[in-house]
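# Overview (structure and organization)
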Amino acid sequence: MAREIADVLGAKTRKDGYLEGNGYQVSWTFGHLCTLKEPHDYTPAWKTWQLQSLPMIPPRFGIKLLSNEAYEKQFRILEKLIRGAEAVINCGDAGQEGELIQRWVLQKAGCRCPVYRLWISSLTEEAIREGFRNLKEAVEFNPLYEAGLSRAIGDWLLGMNATRLYTLRYGQNKQVLSIGRVQTPTLALIVNRQREIEQFKPEPYWELKTVYRQATFSAVQGKFSRKEEGEALLQQVTGKEFTVTDITTKRGRETAPRLFDLTSLQVECNRRFAFSAEETLKWIQSLYEKKLTTYPRVDTTFLSDDMYPGIPQTLKGLTAYAPLTAPLLAGKIPKSRKVFDNSKVTDHHAIIPTGMPARNLSDREEKIYDLVTRRFIAVFYPDCEISTTTVLGEVENVGFKATGKQILKPGWRVVFEKEAKESAEKADRTGHEPAEEVTVLPEFVKGEHGPHQPDFAEKWTVPPKPYTEATLLRAMETAGKLVDDDELRDALKENGIGRPSTRAAIIETLFKRNYIRREKKSLYATPTGVELIGVIRDELLKSAELTGQWEKKIRQIEKGAYEAGIFLDELKQLVGRIVQEVRSDTSTRSIAIEETPATPSGAVEQKKTNAAGKQGKKAGKNVRKPSAHAAKSPAATATPPVCPRCGGAILRGHTAYGCAGYKNGCTFRLSHETYGKNLTDRELCKIIKQLSRG
């Protein structure tokens, strides 16, 4: 990034740790060069972990250099340049963390000259030149710095004190129990979902449907909780004619998906490609540094009004997508409030392509770039026009209904035809249903009648699904409330936990602490994670909703609407109260930590896990069993289901669960349609047990 800026400024002479020329010296940091001081930096008494030393609240927080030879060398170069400068231009990432990183360096270096701020959203030459023509006074960004500083100090106060407190009070054998302002409520989301799944009791229900002219109609009564009710209606309609009683058709429009913010991009990449949140952030950051996409750490899906005149030029630059951009460039680009809205844009706009030629991309960069680019193109296409038809029918006074949708004009959907085709092909190969299926009904005439084929099926309620990274990111964004509506989600973002730029790191931290593990796409809490949430009594430490209120205050500090001092006083009071509560706990609870590492970069194959377990038993030192009262994760402890007829293992097929003894004639089978596709072993065992009793 320094080289890109130096090239534009004409600073082309390479020096030790900086570039020089045309009156400028351009230097750089390596991420964080400075950090908040550690407890022992304030007083030797805080070096030793002791309950009587808590809470640790410094009278004034200080910063220090990170202990790293390369970092220290670069800081000395920066310090010398800053002290000899007429003015300093802060070119750090245009966000809260970028502001904090550079401000700490300027403070530590004793900067006394005027400071200006470069504020840009892309690294193209045009954007950099425009940014330098419109440099801002550093003082304009004081609220942004105060928000970043409040976040850092808040994390220090809660993390340092609560981690020591819970480790000393509940940990075993000097194992650290890590507590964090955002990581702990995020872990609680996973643990609470896991409990819901464990405690879920499948209940049967019945559905009455019938097929008339190849269209499936459902009884308007809905689900039957008593089998007898549905069977009585089945007998009533069997052998009688089906009559169409009403046909209603409504035309409607579907708008294109919104542009990406970081969270929605991470969600989509996890859903489509199984990329982790951290991987997606890594590759979209790489695309930004290659000048192909705009600044990625954003939480808005809108563009500012002043960007509208430059849209045609950006579209022209997307030469690889010329067949899709040509129809747009042939006329005037539409300007919609669903795309351009200044009130929804603060520091940055949504993630879009810059229009620079995309070359030499890795496979993952290519996939992410394609997602961003197609979203960008699609928002300027017309709405998709649809027709929704509802057909009502009747058999012997029993009502039935069928609904179908037909695409009249595809509009923006043509941009995603390749994606839809690939989804359909994948569905054909795997036996799964495509991501979106449009049901088109035959032409019906009111009053027509004829034979039909009724069907009365038993089904079972299914538990909520485990979190994936995609659904967990959404839950973090909306403080635990999972919603599909974009506008409602926007309203809830104010109370989300973490920031778009930090959520991926929080999830990775939970893996590294061995509090959660991954099975395929699903996330489960480990016994240690379950126990840790169980032992925390203070809801503020583990409630996503309450933590979201803190996050809202930090956002208000950034806007100048809340005082940083008040926020930190509230946190200090909270820390003091938590320390007092835990100290007064007279229980004998303790938490044993599993030392088997959880892998943040993907699921561990079952064979590898088993092998590691055997090695651990041989060594006798590397793997510790959880304490007797540790809660077990459902997937880890369930007994494998077996066939109630022949005792064979239960296999998971594309459309059903079936007995491994099918080759020997065993016909035991549980269809996905009836019982659900993603049942755990424990849920399968429960269903099989209930069926055996029946």
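If you're wondering where the values come from, they're calculated on a predicted model, not measured in any experiment.

### Digging into unusual backbone geometry
Between Leu 54 and the following residue, Pro 55, the backbone shows a cis peptide bond with an omega angle of 0°. Although it is not a glycine, Arg 213 sits at a positive phi angle of roughly 50°. Counting through the fold element by element, Arg 213 comes out in the loop between β9 (204-212) and β10 (215-219). The exposure class of Arg 213 is partly exposed, given its relative accessible area of 38%. The phi dihedral of Asn 397 falls on the positive side, at around 70°, and the residue is not glycine. On the accessibility criterion, Asn 397 (69% relative accessible area) is exposed.

### What to know about helix α12 (residues 322-329)
If you check which residues of α12 are buried, you get Leu 324, Thr 325 and Leu 328. Down the axis of α12, the buried side of the element spans an arc of 85°, and every buried residue falls inside it.

### Overview of the sheet that holds strand β11 (residues 242-254)
Strands sit in the order β14-β11-β12-β13-β10-β9-β15 across an open sheet of seven strands; the sheet is antiparallel. Sheet topology places β14 (449-450) and β15 (453-460) at the edges, where each strand pairs with a single neighbour. As judged from the eleven bridges shared by β11 and strand β12 (residues 384-395), these two strands associate in the antiparallel manner. From the neighbouring strand, Thr 249 faces β12, where its bridge partner is Thr 389. Contacting β9, β12, β13 (398-409) and β15, helix α8 (residues 227-237) crosses the sheet at an angle of about 170° to β15.

### A short note on the sheet that holds strand β2 (residues 18-21)
Taken together, three strands build an open sheet; the order of strands is β1-β2-β3 and the sheet is antiparallel. Of all strands in the sheet, those with a lone pairing partner are β1 (13-15) and β3 (24-27), marking the two edges. Put simply, the sheet's adjacent strands are angled 25° from each other on average, direction ignored. When β1 meets β2, the two strands line up antiparallel, connected through three bridges. Considered in β2, the bridge of Arg 14 is made with Leu 19. Strands β1, β2 and β3 of the sheet are contacted by helix α1 (residues 2-9), whose axis makes an angle of about 170° with β3. Running over the sheet, helix α3 (residues 69-83) touches β2 and β3 and is turned about 155° from β3.

### Topic: the environment of Lys 542
With respect to the helices, strands and loops of the structure, Lys 542 is situated in helix α19 (residues 539-542). C-alpha of Lys 542 to C-alpha of Val 182: the two residues are 360 residues apart in sequence and 8.5 Å apart in space. Setting aside anything within four residues of it in sequence, one finds Lys 542 in contact with Thr 184, Pro 185, Ala 188, Ile 533 and Ile 536. Separated by 3.3 Å, the side chain of Lys 542 and the backbone oxygen of Ile 533 make a polar contact.

### Regarding the pattern of salt bridges
All chains considered together, the criterion is met by 38 salt bridges. The closest approach of N and O atoms between Glu 79 and Arg 83, which form a salt bridge, is 3.1 Å. Of this pair, Glu 79 and Arg 83 both sit in helix α3, four residues apart, which is roughly one turn of that helix. Under the relative-accessibility criterion, Arg 83 is labelled exposed at 57%. As a salt-bridge pair, Glu 231 and Lys 227 come within 3.9 Å of each other at their nearest N and O atoms. Of the two residues, Glu 231 and Lys 227 are both situated in helix α8; the distance of four residues between them amounts to about one turn of the helix. Each of the salt bridges in this network shares a partner with another, and the network as a whole consists of Arg 151, Asp 155, Arg 181 and Glu 551.

### Quick notes on the packing of helix α6 (residues 142-170) against helix α20 (residues 544-558)
Where α6 meets α20, the axes come as close as 7 Å, and the angle between the chain directions of the two elements is 150°. When the axes of α6 and α20 are compared, the pair comes out roughly antiparallel. Judged by residue contacts, Pro 143, Leu 144, Glu 146, Ala 147, Ser 150, Arg 151 and Leu 158 of α6 engage Trp 550, Glu 551, Ile 554, Ile 557 and Glu 558 from α20. Taken together, the residues of the contact of α6 with α20 break down into seven nonpolar, one polar and four charged.

### Overview of the packing of aromatic side chains
The full count for this structure, using the stated rule, is 20 aromatic pairs. Here Tyr 24 and Phe 132 contribute two aromatic rings whose centre-to-centre distance is 6.4 Å and whose plane-to-plane angle is 80°, an arrangement assigned as edge-to-face. Linking Tyr 24 in strand β3 with Phe 132 in helix α5 (residues 125-133), this pair joins segments that are 108 residues apart in sequence. Between Phe 376 and Phe 380, the aromatic rings sit 5.3 Å apart at their centres with planes inclined by 85°, giving edge-to-face as the arrangement. The exposure class assigned to Phe 380 is buried, which follows from its relative accessible area of 2%. Positioned over the ring face of Phe 141 is Arg 117, at 5.9 Å from the centre of the ring. Stacked on the ring of Tyr 467, the Lys or Arg Arg 193 has its end atom at 4.3 Å from the ring centre.

### Considering the pairing of β12
Across eleven bridges, β12 lies against β13 in antiparallel orientation. Each residue of the ladder has a partner; that of Leu 392, found in β13, is Lys 401. The antiparallel pairing of β12 with β13 creates a hairpin that spans two residues between the two strands, and Glu 396 there sits at a positive phi of about 50°.

Basis of the calculations
- All residue numbers refer to position in the chain's written sequence, counted from 1.
- pLDDT decides what is reported in this predicted model: residues at 70 or higher carry local features, side-chain atom pairs at 80 or more are listed and counted, and totals for whole chains, interfaces and linings draw on all residues regardless.
- Side-chain metrics rest on all non-hydrogen atoms present in the structure, leaving aside hydrogens and water.
- A run of DSSP states H or I qualifies as a helix once it reaches four residues; a run of E qualifies as a strand once it reaches two. Both are numbered from the N-terminal end.
- Note on exposure labels: buried denotes an accessible area under 20% of the residue type's maximum, exposed denotes more than 50%, and partly exposed covers the range between, all computed with a 1.4 Å probe on protein chains only.
- This arc describes the spread of directions from the helix axis toward the C-beta atoms.
- DSSP bridges decide pairing: two strands pair if at least two such bridges lie between them.
- Contacts are assigned to residue pairs that have any heavy atoms within 4.5 Å of one another.
- Every axis corresponds to a line fitted to the C-alpha atoms, with the helix fit spanning only the stretch in contact, and the corresponding angles, defined between N-to-C directions, vary from 0 to 180 degrees.
- Counting of polar contacts relies on pairs of N or O atoms within 3.5 Å, with two restrictions inside protein: one atom must be capable of donating a hydrogen and the other of accepting it, and residues adjacent in sequence are counted only when both atoms are side-chain atoms.
- Whenever a carboxyl oxygen of Asp or Glu lies within 4 Å of a side-chain nitrogen of Lys or Arg, that contact is scored as a salt bridge.
- Our angle categories are set so that under 35 degrees counts as roughly parallel, over 145 as roughly antiparallel, 65 to 115 as roughly perpendicular, and the remainder as oblique.
- Classification convention: Asp, Glu, Lys, Arg as charged; Ala, Val, Leu, Ile, Met, Phe, Trp, Tyr, Cys, Pro as nonpolar; all other residues, Gly among them, as polar.
- Aromatic pairs are defined between Phe, Tyr and Trp rings, using the six-membered ring for Trp, whenever the two ring centres lie within 6.5 Å; interplanar angles under 30 degrees are classed as stacked, those over 60 as edge-to-face, and all others as tilted.
- Here, a charge over a ring means that NZ of Lys or CZ of Arg falls within 6 Å of the ring centre while also lying within 35 degrees of the ring normal.

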